[in-house]
Amino acid sequence: MRSIPFRRVAKDALEDQDAQRLLKILPFAFRALREAALSELPDPKGALKKAAEIRADALEVLPELLETFEKNAKANGTNIHWARDAKEARLIVLGLLGAQNSKTVLKSKSMLTEEIGLREFLGEEGFETLETDLGEFICQVLGLPPFHIVGPAINVPVERVSALFLDMGFIQGPVTDPVALGVAAREFFRRKFSEAKVGITGVNFAVAETGSILGVENEGNIRFLKSVPKVQVSLMGIEKLVPTIEDAFYVLRLLPPSCTGQRMSAYVTIDSGPRRFGEFDGPEELHVVIVDNGRSKIYEDPKTRPALACIRCGACLNVCPVYAQVGGYPYGFAYSGPMGLVWTPMLVGLKAANELLQACSLCGACKEVCPAGIDHPMLILELRKKLARKRLLSLEGIAYGVAGFGLSGGMRENLGLKILRPFYNALGRRFGLPLLAPRRFREAFGAAQNKEKMP
Amino acid sequence: MNARDAILGRLKKAPRESRQPERLGDFQARAPGKDGLTERFIERLKQNSAMVILEKESGDVGSALLKALQSEGIERVVFTRAADALLGPAFQEAMQTSGVVGTLAPEDEEGLKRAAFQAYAGVSVAKWGVSELGALALVHGKENPRLLSLAPPLSVIVLKAGSILEDLRALAIALAPPLAMPSQVTLVSGPSQSADIQGVPFFGMHGPKKLLAVVLQDGPSKEG
Ligand code: SF4
């Protein structure tokens, strides 16, 4: 992936008056709502800690949970697919769609599908993929990335939405009432839902003991996609597992307060297989695609593994002083705010996320609110360290190359290192990395031999 | 190697701590006491923007519900078979004289879809209530299809007060194995909603614009 131009896009965002107006209110409003919603619990801090423990414990037995989930989901009649990377995941979905007699696909908001570029890919393959979450739909039609995890198009001025809906024939004349615009969109979507043949959704939690998947929402679009189409395809990252329904519910109880500031979202669906014999709605086929796409690599390193605990609530965005200045666009990928700083570099590569990794003052506000117990500053430092090490490794390569130009063999290496060692070590000290020894073994050995020879 | 084995193999090879799970207490529960369950359920459901009728099970549920439907201007209602059974024949009788047209959910896929999308109101049954959340837990199936609490602009959900549970933990216990999970359980906490345009909230984005819960209890009747 090409480098994410965080600075350039952030500069644009700082000059975007609409975005700035919204950013003056949005994070603060979400924070106040979150605090009010959490205050209903007898011990909010204890509840957050317990949720974090549940996520951490689940990660430690992740492969076993995945196996148990697979076994139980299959017993429920769910088809399980595994995808190593984005390409495999896209092809699995394409294969499933290919078997259907429809070129239109309805989908709900899912960060994973954004991460793997599913909609764009299906478009190239001749499928019309329609986002059914209102904000996501507006982003899709306007070609915008999400501004905020909760309200992807919340920054789009009402006049622009009105012009868009006018263009699409949802309304007959300009409308500046957001509610009237929402109602107009409802009519369009209801027709689409009633004809839907395939529904694509994400997954908030997957429960190993029952082979169930949970979806959390307010609009009802996910429910439609799980009720009308004959085929439901739900994509989930490998990290979504928890052992039991009780665990899932414990963490679920903290999701809406952390996300929208609600006590609970309007709808939570718990699916355990396709419709049963004799039922008249719900999918005849339920497919769950379990996607790795870099997650097992994150898992391999116990230092980065805790990032996988994230439940995508967005609370960290709302307390981040950097996000509060620039909004979601500069983050350049599916994930924004502190969650993006932690995830994106590990998914797209450290070098591509170089500027992004600097967009943090390490204030730690994100860590305080995270219901998954993620220590963002520690992870960001770890990633910066990895990046610096990578840079220095390539600097070392350049050192050898440049210094050795025109020379040959041991002479080239010796001379090159002698010239560049001080610069290399200065950088190494700055980044706290292992330094080059003052002398190479060969130099030290040579010096020792000379010493011995001396009378 | 196939994708499954490659992924699981990689995960299993990773160094893992043998974490001692901290046995933390339940920081979410604030028990209202058995008597307060229904009160808190209703209070919170109303806070979640739902309308609530509390009626004695043996009382005149029919006229209370019909009054509510009429005040919403509802002309056509579709009932799930589970709702019909719970409300009983007295309700059917009351409806016949009320001018509200009530039908049972068709038992075929296309018919059900058409009825759900065309009805002004759908009446379903919740198997449990969750007091702490003010939420209704619907178990879907042949007798209680998904679409009737989703497609009509007004969703009416009937619940027995005796099945109101304290919190999500109690619901998890009620749902947990060895009982087989139903194909779908839906937790409903309010009407469909969105605030995606400029943060301005409204009800009825895709699903019901209004939610009416009918709570049947043994005891003196009152309207909420
Ligand atoms: S990192 Fe934590 S606070 Fe941020 S989205 Fe993930 S779970 Fe929420």
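Cut-off values and rules
- Per-chain numbering applies: the sequence of each chain, read as written, is numbered from 1 onward.
- Just so you know, chain letters begin at A and ligand numbers begin at 1, following the order they were written in.
- Given that the model is predicted, a residue must reach a pLDDT of at least 70 before its local features are reported, and side-chain atom pairs must reach 80 or more before they are shown or counted; all residues, however, enter totals for whole chains, interfaces and linings.
- Just so you know, side-chain values use all the structure's heavy atoms and leave hydrogens and water out.
- Helix numbers and strand numbers start at the N terminus; a helix is a DSSP run of H or I with at least 4 residues, a strand a run of E with at least 2.
- Relative accessibility under 20% of the residue-type maximum defines a buried residue, over 50% an exposed one, and the middle range a partly exposed one, all with a 1.4 Å probe and only protein chains included.
- Residue contacts follow a heavy-atom distance rule, with two residues in contact if any of their heavy atoms lie within 4.5 Å.
- Pairing between strands requires that DSSP locate at least two bridges from one strand to the other.
- Note on geometry: axes are C-alpha line fits, over the in-contact stretch for helices, and angles between N-to-C directions span 0 to 180 degrees.
- Accessible-area loss on putting two parts together, using a 1.4 Å probe and summing over both, is the definition of buried area adopted here.
- Within this document, salt bridges are pairs made up of a side-chain nitrogen of Lys or Arg and a carboxyl oxygen of Asp or Glu, the two lying within 4 Å of each other.
- Each residue gets one label: Ala, Val, Leu, Ile, Met, Phe, Trp, Tyr, Cys and Pro are nonpolar, Asp, Glu, Lys and Arg are charged, and the others, such as Gly, are polar.
- Identification of polar contacts relies on pairs of N or O atoms within 3.5 Å, with a donor-acceptor requirement for protein atoms, meaning one able to donate a hydrogen and the other able to accept it, and with residues adjacent in sequence counted only if both atoms are side-chain atoms.
- Here, nonpolar core means buried Ala, Val, Leu, Ile, Met, Phe, Trp, Tyr and Cys residues that are tied together by side-chain atoms lying within 4.5 Å of each other.
- Angular relationships are summarised with four words: roughly parallel below 35 degrees, roughly antiparallel beyond 145, roughly perpendicular across 65 to 115, and oblique for the angles in between.
- In this scheme, a crossing is called left-handed if the near helix is turned counterclockwise away from the far one by less than a right angle; it is called right-handed if the turn is clockwise.
- pLDDT runs from 0 to 100 and stands for how confident the predictor is about each residue.
- What a helix should span is 1.5 Å times the count of its residues minus one.

1. Things to note about the overall build of chain B
Point 1. Looking only at helices and strands, chain B features 7 helices and 12 strands.
Point 2. Seen through its principal axes, chain B has C-alpha atoms that stretch 70 × 45 × 45 Å.
Point 3. For chain B, with 224 residues in total, the buried portion stands at 54%.
Point 4. Considering only intrachain contacts with a sequence separation of at least 6, the fraction spanning at least 24 residues in chain B is 77%.

2. A few points about the environment of Ala 36 of chain A
Residue and element names in this part refer to chain A.
Point 1. Mapped onto the fold, Ala 36 is located in helix α2 (residues 17-38).
Point 2. Overall, the relative accessible area of 47% leaves Ala 36 in the partly exposed class.
Point 3. When the C-alpha positions of Ala 36 and Gln 262 are compared, they lie 8.8 Å apart, and in sequence the two are 226 residues distant.

3. Here we look at the sheet that holds strand β1 (residues 51-56) of chain B
All names here are of chain B.
Point 1. Pairing is parallel in the open sheet, where 6 strands are placed in the order β1-β12-β7-β4-β2-β3. Single-partner strands in this sheet number two, and they are β1 and β3 (101-104). Adjacent strand axes in the sheet meet at a mean angle of 20°, parallel and antiparallel pairs treated alike.
Point 2. Of the strand pairs in this sheet, β1 and strand β12 (residues 210-217) are connected by 6 bridges, and their pairing is parallel. Counterpart to Met 51 in the pairing with β12 is Leu 212.

4. Here's the deal with the interface of chain A and chain B
Point 1. Across the boundary between the two partners, chain A contributes 100 residues, which contact 81 residues of chain B.
Point 2. Taking both sides of the interface into account, the surface hidden between chain A and chain B amounts to around 7800 Å²; carbon and sulfur atoms contribute 57%.
Point 3. Considering only the surface of chain A that becomes buried against chain B, Arg 186, Arg 263 and Phe 280 of chain A emerge as the three largest contributors, covering 10% of it.
Point 4. Summed over the shared surface of chain A and chain B, the number is 9 salt bridges.
Point 5. Here Glu 132 of chain B makes a salt bridge to Arg 253 of chain A, at a shortest N to O gap of 2.8 Å.
Point 6. A per-element tally of the side of chain A that touches chain B places helix α10 (residues 178-195) of chain A first, with 11 residues.
Point 7. Residues belonging to the side of chain A that touches chain B are distributed by class as follows: 45 nonpolar, 22 polar and 33 charged.

5. Focus: the sheet that holds strand β7 (residues 231-237) of chain A
All names here are of chain A.
Point 1. Pairing in this open sheet of 6 strands is parallel, and the strands run β1-β10-β7-β4-β2-β3 from one edge to the other. The two strands at the open ends of the sheet, each matched to only one other strand, are β1 (79-83) and β3 (128-131). In this sheet, neighbouring strand axes are inclined to one another by 25° on average, regardless of whether the strands run parallel or antiparallel.
Point 2. Relative to strand β10 (residues 285-291), β7 is paired through 7 bridges, and the arrangement is parallel. Directly across from Gln 232, in β10, lies its bridge partner Leu 286.
Point 3. Relative to β1, helix α4 (residues 62-75) is tilted by about 145°, and along the sheet it contacts β1, β7 and β10.

6. Description of the environment of Ser 194 of chain B
Point 1. Tracing the sequence through the fold places Ser 194 of chain B in strand β10 (residues 193-194).
Point 2. Among the residues examined, Ser 194 of chain B registers a relative accessible area of 7% and is labelled buried.
Point 3. Sequence separation between Ser 194 of chain B and Ala 6 of chain B is 188 residues; the distance between their C-alpha atoms is 41 Å.
Point 4. Sequence-distant contacts of Ser 194 of chain B, that is, excluding residues within four places in its chain, are made with Leu 134 and Glu 219 of chain A together with Val 200, Pro 201, Phe 202 and Met 205 of chain B.
Point 5. A distance of 3.1 Å separates a polar side-chain atom of Ser 194 of chain B from the backbone nitrogen of Asp 196 of chain B.

7. Examining the pattern of salt bridges
Point 1. Tallied over the entire structure, the rule returns 32 salt bridges over all chains.
Point 2. Asp 375 of chain A is the salt-bridge partner of Lys 367 of chain A, the closest N and O atoms lying 3.6 Å from each other.
Point 3. Through salt bridges with shared partners, one network takes in Glu 40, Arg 253 and Arg 263 of chain A together with Arg 44 and Glu 132 of chain B.

8. Re the nonpolar core
Point 1. Within the largest apolar cluster, 116 residues are counted, with the highest numbers of intra-cluster contacts made by Phe 69 and Phe 249 of chain A together with Leu 171 of chain B.
Point 2. Here the element with the most residues in this core is helix α12 (residues 245-259) of chain A; it accounts for 9 residues.
Point 3. With residues up to four places along the chain from it excluded, the contact list for Phe 69 of chain A reads Ile 80, Ala 206, Val 207, Ala 208, Gly 211, Ser 212, Ile 213, Met 236, Leu 241, Val 288 and Ile 290 of chain A.
Point 4. Core analysis: the next-biggest nonpolar cluster, separate from the first, contains 40 residues, Phe 193 and Ala 196 of chain A together with Val 78 and Phe 202 of chain B among them.

9. Quick word on the packing of helix α3 (residues 61-71) of chain B against helix α5 (residues 89-96) of chain B
Residues and elements named next belong to chain B.
Point 1. Taken N-terminus to C-terminus, the directions of α3 and α5 make an angle of 45°; their axes are 8 Å apart at the nearest point. With respect to α5, the element α3 is oriented oblique. Considering how the two elements wind past one another, α3 and α5 form a crossing that is right-handed. Contacts between α3 and α5 involve Gly 62, Leu 65 and Leu 66 from the first element and Phe 91, Ala 94 and Met 95 from the second.
Point 2. The residue makeup of the contact of α3 with α5, split by class, is 5 nonpolar, 1 polar and no charged.

10. Brief notes about the confidence of the model for chain B
Residues and elements named next belong to chain B.
Point 1. With 95% of its residues at a pLDDT of at least 70, chain B reaches an overall mean of 90.
Point 2. In this model residues 220-224 is a low-confidence stretch, pLDDT under 50, and it forms 10 contacts with partners more than four residues away in sequence or in other chains.
Point 3. The complex model carries a pTM of 0.89, and its ipTM stands at 0.95.

11. Focus on α10 of chain A
Residues and elements named next belong to chain A.
Point 1. If you check α10, its first and last C-alpha atoms are 26 Å apart, about what 18 residues at 1.5 Å a residue would give, namely 26 Å.
Point 2. Among the residues making up α10, those that are buried are Pro 178, Leu 181, Gly 182, Ala 184, Ala 185, Arg 186, Phe 188, Phe 189, Arg 190, Phe 193 and Ser 194.
Point 3. The backbone nitrogen of Val 179 has a side-chain oxygen 3.0 Å away, supplied by the residue at the start of α10, namely Asp 177.

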